[in-house]
Amino acid sequence: MSFPKGFFWGGATAANQYEGGYIDGGKGIALNDVVTGGDGLNRIPRKLIIDYNGQEQELEAFSEVPKGAKVKIKEGIYYPSHKATDFYHHWKEDIHLFAEMGFNMFRMSINWTRIFPNGDDETPNMEGLKFYEEIFKECKSLGIEPLVTICHFDLPIKFANEGNGWADRKVVDAYEKYAITVFEYYKDLVTYWLTINEINMNKVFMISGVHDNQSDQQAYEQGIYHTFIGSAKAVIAGHKINPNFKIGLMIAQQGFYPYTCNPEDVMACIDKEREVCWFYGDVQCRGYYPSYKIKELERKGVVLEKLPGDDEILKEGVVDFYSHSYYHSFTAAAVIDGKKVTDGNQMTGLDNPYLKASDWGWTIDPVGLRIQLNKIWDRYQLPIMIVENGLGAKDVLEEDGSIHDDYRINFMRDHIVQMKKAIELDGVDLIAYTPWGCIDLVSAGTGEMEKRYGMIYVDMDNDGNGTLNRYKKDSFYWYKKVAESNGEDLD
């Protein structure tokens, strides 16, 4: 058997990187709206401007933010999310391009602050609800199934400036209300949902809103716990609103290999996979904290604050399918001193000398995707969606409007071949592939445009300059053949 009939071929985006219109239509401010641009190749990091103890300070976006600090937008600074690549004004054009490319699924996110501008408003913003309604209707009319992420790196700023982000239980209640609102409003238009994007990335301030989260282990672990409770509550509510809903988790899948066959390195690899991926999957797929995590919390002296009934919420709110991103892999060792460290998708690990890397240093490991698919399937026995995968690269817009990106085609082909093997040879229940950045958008980690993933080129540079015109890359035409042949024509 090759790809099953009805397999979903599509692409993935996120509102904070793609939508723009950051205060249009009554939208409020989210955390990513206060993160500056950056330059990954030249190691210029994204920044946050904060007011702290009566003084204005500048911090790197992925650093800790002290308690009591308030993040803000400062005049004269470029914030990529404010315009992004302007889906807000180009959505109909873009969706028709996706349909032309053969999509039968489009992964996108709803921006929390477009529905509830402050995150916890008494009533929703109807203009925001209607905006997405028109998008979903257009998708359905073109045979495209929406795959909707409820929260994709867009925590309302109020929860960080007036509290401690996800570490505060009130965020769970606000998230549940938000989820119920969109479930009810779109119950006849959307079937497939993701609760919280890359929930294992929900650690840094710019995503979680938790201050000093790495230093304050209690707040750090409490914030993670609350995302699990919020996700489970959304699953429970969604199934009650429409029993036909399919609601999944979303994890940044990081593959790890032992650095050597030394048993200590093998154990270090097991520990790393648990820390980065399996803990998050175990809770959302099995409905309880695994024993290895309980022991870790005991060693750290962390006692999670729970409410009566929380254990039952986690148990009932398990997901219907497992979705994940996959870009690269690392190695892990018991002793890291003296070994080369590499990074990728906002994480770091040890380098693998057997693999090539992108211009941004992310390893390229197609076989690793098959390995991860097998591990996920063996562990959870749930349908799997690959909802992000792709190559960030420099693209050149030629004078005739063409973009020749064979490197992207080769990357995707190699990964699709491994997907086929996972289905045909291993029996993995893989149901969807929506590669990241089907259209160019702002990089989440670096805040730049130069690092492009899309099969559609958007004319905009790192400083937000450009026409925003859309151009089809060579990969556009290649992916169209792949989708229309259900993965059989990869030439």
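Residues numbered from 1 in each chain as written. Predicted model: local features only at pLDDT ≥ 70, side-chain atom pairs only at ≥ 80, totals over all residues. Heavy atoms only, no water.

Turning our attention to the sheet that holds strand β8 (residues 246-252). If you trace the 8 strands once around the closed barrel, you get β1-β5-β6-β7-β8-β10-β14-β15, paired in parallel fashion. Between one strand axis and the next, the sheet turns by 30° as a mean value, whatever way the strands run. Alignment of strand β7 (residues 192-196) against β8, held across 3 bridges, turns out to be parallel. Across the sheet, the residue bridging to Trp193 is Ile247, located in β8. (Pairing = 2+ DSSP bridges. Helix = DSSP H or I, 4+ residues; strand = E, 2+ residues; numbered from the N terminus. Axes fitted to C-alpha atoms, helices over the stretch in contact; angles between N-to-C directions.)

If you walk through the whole model with that rule in mind, you get 0 disulfides. The closest cysteine sulfur to the non-disulfide-bonded Cys269 is located on Cys277, 11 Å from its own sulfur. Lacking any disulfide linkage, Cys438 is separated from the closest cysteine sulfur, that of Cys139, by 11 Å. Residue class for Cys438 comes out buried when judged on its relative accessible area of 0%. (Disulfide = S-S within 2.5 Å. Buried < 20%, exposed > 50% of the residue type's maximum accessible area, 1.4 Å probe, protein only.)

What follows covers the nonpolar core. One recurring pattern in soluble globular proteins is that nonpolar side chains are buried together. Core analysis: the largest hydrophobic core is formed by 145 residues, its most contacted members being Phe98, Trp112, Tyr186 and Trp193. At 10 residues, the largest contribution of residues to this core is made by helix α8 (residues 217-241). For Phe98, the contacting residues outside a window of four places in its chain are Tyr18, Phe103, Phe106, Ile144, Cys438, Ile439 and Ile456. If you look at the next biggest cluster of nonpolar residues, it comprises 11 residues, including Met105, Leu147, Tyr192 and Val387. (Core = buried A, V, L, I, M, F, W, Y, C linked by side-chain atoms within 4.5 Å. Contact = heavy atoms within 4.5 Å.)

Another aspect to go through is helix α14 (residues 474-484). What α14 keeps buried is the set Ser475, Phe476, Trp478, Tyr479, Val482 and Ala483. Projected down its long axis, α14 carries its buried residues within an arc of 165°, all on one side. In this structure, the buried side of α14 is in contact with β1 (8-12), α2 (87-100), α13 (406-424), β15 (430-433), β16 (456-458) and β17 (470-472). Immediately downstream of α14, the backbone of Asn486 shows phi near 55°, a positive value. (Arc of directions from axis to C-beta.)

Here we come to the confidence of the model for the chain. Detailed reading of the predicted model is not advised wherever pLDDT is low. Summarising the model, the chain shows a mean pLDDT of 96, and 100% of its residues fall at 70 or more. Within the chain, the lowest mean pLDDT, 81, falls on strand β12 (residues 341-344), and the highest, 99, falls on β7. (pLDDT = per-residue confidence, 0-100.)

Attention now goes to the side chain of Asp86. With respect to the helices and strands, the residue Asp86 is situated in the loop between β4 (70-72) and α2. The buried charged residue Asp86 lacks any salt bridge partner; its closest oppositely charged side chain belongs to Arg470, at an N-O distance of 6.2 Å. Leave out the neighbours within four places in its chain, and Asp86 touches Tyr18, Glu19, Leu468 and Arg470. (Lys, Arg positive; Asp, Glu negative; His and termini not counted. Salt bridge = Lys/Arg side-chain N within 4 Å of Asp/Glu carboxyl O.)

What follows concerns the pattern of salt bridges. Scanning the entire structure with this criterion turns up 36 salt bridges. Here Asp310 ties to Arg169 by a salt bridge, and the two come within 2.9 Å at their closest N and O atoms. Here Asp310, found in helix α11 (residues 310-316), pairs with Arg169, found in helix α6 (residues 169-185); they are 141 residues apart in sequence, far enough to count as distant. No difference in accessibility class separates Asp310 from Arg169, as the two residues are buried. The partner of Asp426 in a salt bridge is Arg370, with the nearest N and O atoms 2.8 Å apart. With a gap of 56 residues between them, Asp426 in the loop between α13 and β15 and Arg370 in helix α12 (residues 366-380) connect regions that are remote in the sequence. For Arg370, a relative accessible area of 22% gives the class partly exposed. One network of salt bridges, with partners in common, ties together Asp395, Asp405, Arg408, Asp440, Arg452 and Lys473.

This part covers the pairing of β7. Counting buried residues in β7 gives 5 out of 5 residues, a clear majority hidden from the surface. Looking at chain direction, strand β6 (residues 145-151) and β7 are connected through 4 bridges and run parallel. Residue Leu147 lies in a different strand from β7, and its bridge partner there is Tyr192.

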